[in-house]
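# Geometric and topological summary
Spelled out from the first residue to the last, the chains are:
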Amino acid sequence: MEKTLCNFNLTGLKLDLLCKGIRMDESAKQRLLPPYKYKRASLSEGRNFELYLNGRATVVNLAVYEKFVKDSPYFYDDVNKLLLNDGQEVTKIEMVPDPEWYLDKLDNDTLLGSYIQVHGTNVLATSLSNYCVFKDDNAGCKFCGLTLDKKNRRKDPGMLAKVLNIIEHNNPGKYAELNINSGTLRSDDMGADMYISVIEEIRKISDIPLSAQIAPMRKLSHIDRLKDAGLNSLSFNIEIWDDATRERIMPGKGKIPKSLYLDCLEYASETFGPANVSSWLIAGLEPQETTLIAAEEVAKRGAVPFVTVFRPIKGSLMEDVEPPNVETMFSIFIEVESILKRYSIDPRNGNCGCAKCDCCSVAGEVLNYGL
Ligand code: SF4
């Protein structure tokens, strides 16, 4: 049966929203803080929503600020908390407000929101550095909106732990994890030491599950070191599989051999457990067949293929490129579902990480409710 708005279930509606974004009045778009600088392919600085349909609920991060959103049939009625499609009421939806603590400050005037942000409703996230070796070499990923910080300033591990401590103290039990990322550093360990110093500092004050996104490193022992420091979940993001597309869209990062990603994913899956290791795959930038080959190769290594919808984010070199349509995404996710089942991989079982949060994808809904 052809999927139309009338027969979308929650999975289909979330997927359609991820492809099209959501319009809203300017007043509803206001944020407590300016957009953060680390913006990659999918999440960007989109807004988070709680979406309800037929007695079910989910959380989704949607494009709001990107150019393509102006053509979306979806509109967020902020007053009545409704999702409209071409002016017709679809269902209940509610934007997650920025937490008030974004504006709280440390004694040295550092805003808490400049160190840690919220993804979804209950995931904390931080970017350790806005430096990326590929951007610095003029070979950055074209889908990436990172604003390069040539000075390679890094978040201070002690201050990060302090900020986390305040947030957890004032919001007991509210946040489920802290997700740590960074641009790619110019070092053999791909930044593992930097991550470890942060993880060690955090472990002095908190048991919060920690996930990290990092580039693959040649010495697999760094993966053990990350685990020993107290990390719970790890992702090595292949993003694109097709070699010609990798070269065109990721001229720097695309030179890292895919075999290195797969080796790191396999080793990390054995170390952290399968549902705790994942790889972002961006659907919509290459033929769907190669996205699916990537998904299968990742799953074969025991890791979660975390398939997301390409979002042409504002400020990136691809901001004018169209995102994929929902029909394409449906046929991709039909296959992703069977890959996950074939390899007995269930992202819902992870401790933490993007694949567990799922606000940028629909794997959890596909497994819960089907397409
Ligand atoms: S590796 Fe690519 S996506 Fe990641 S920060 Fe660098 S340019 Fe952006």
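Residues numbered from 1 in each chain as written. Predicted model: local features only at pLDDT ≥ 70, side-chain atom pairs only at ≥ 80, totals over all residues.

Here strand β1 (residues 47-53) pairs with strand β5 (residues 88-95) via 3 bridges, running antiparallel. From the neighbouring strand, Phe 49 faces β5, where its bridge partner is Met 95. As judged from the 4 bridges shared by strand β4 (residues 82-85) and β5, these two strands associate in the antiparallel manner. Bridging from a neighbouring strand, Leu 83 pairs with Thr 91 of β5. In sequence, β4 turns back onto β5 through a hairpin of 2 residues, with Asp 86 there showing a positive phi of about 50 degrees. (Pairing = 2+ DSSP bridges. Helix = DSSP H or I, 4+ residues; strand = E, 2+ residues; numbered from the N terminus.)

Let us look at helix α6 (residues 192-203). Think of an α-helix as turning once every 3.6 residues; residues three or four places apart then point the same way. Along its 12 residues, α6 runs 16 Å from first to last C-alpha, staying within 8% of the 16 Å computed at 1.5 Å per residue. Regarding α6, the residues found buried are Ala 192, Met 194, Tyr 195, Ile 196, Val 198, Ile 199 and Ile 202. Each element contacted by the buried residues of α6 is listed here: α5 (157-170), β8 (177-181), β9 (210-213) and α7 (221-229). (Expected span 1.5 Å × (residues − 1). Buried ≥ 20, exposed ≤ 12 C-beta atoms within 10 Å, placed from the backbone. Contact = placed C-beta atoms within 7 Å.)

Moving on to the sheet that holds strand β11 (residues 277-283). Taken in spatial order, the 7 strands make up an open sheet running β6-β7-β8-β9-β10-β11-β12, and their pairing is mixed. In the strand order of this sheet, the two ends are held by β6 (117-119) and β12 (304-309), each with one partner. Neighbour-to-neighbour, the strand axes of this sheet turn through a mean angle of 30 degrees, independent of strand direction. Note that β6 and strand β7 (residues 123-127) share 3 bridges and pair antiparallel. Each residue of the ladder has a partner; that of Gln 117, found in β7, is Ala 125. In the packing of helix α11 (residues 326-342) onto the sheet, the strands contacted are β11 and β12, and the crossing angle to β12 comes to about 170 degrees. (Axes fitted to C-alpha atoms, helices over the stretch in contact; angles between N-to-C directions.)

Nothing here speaks to function; it is all geometry.
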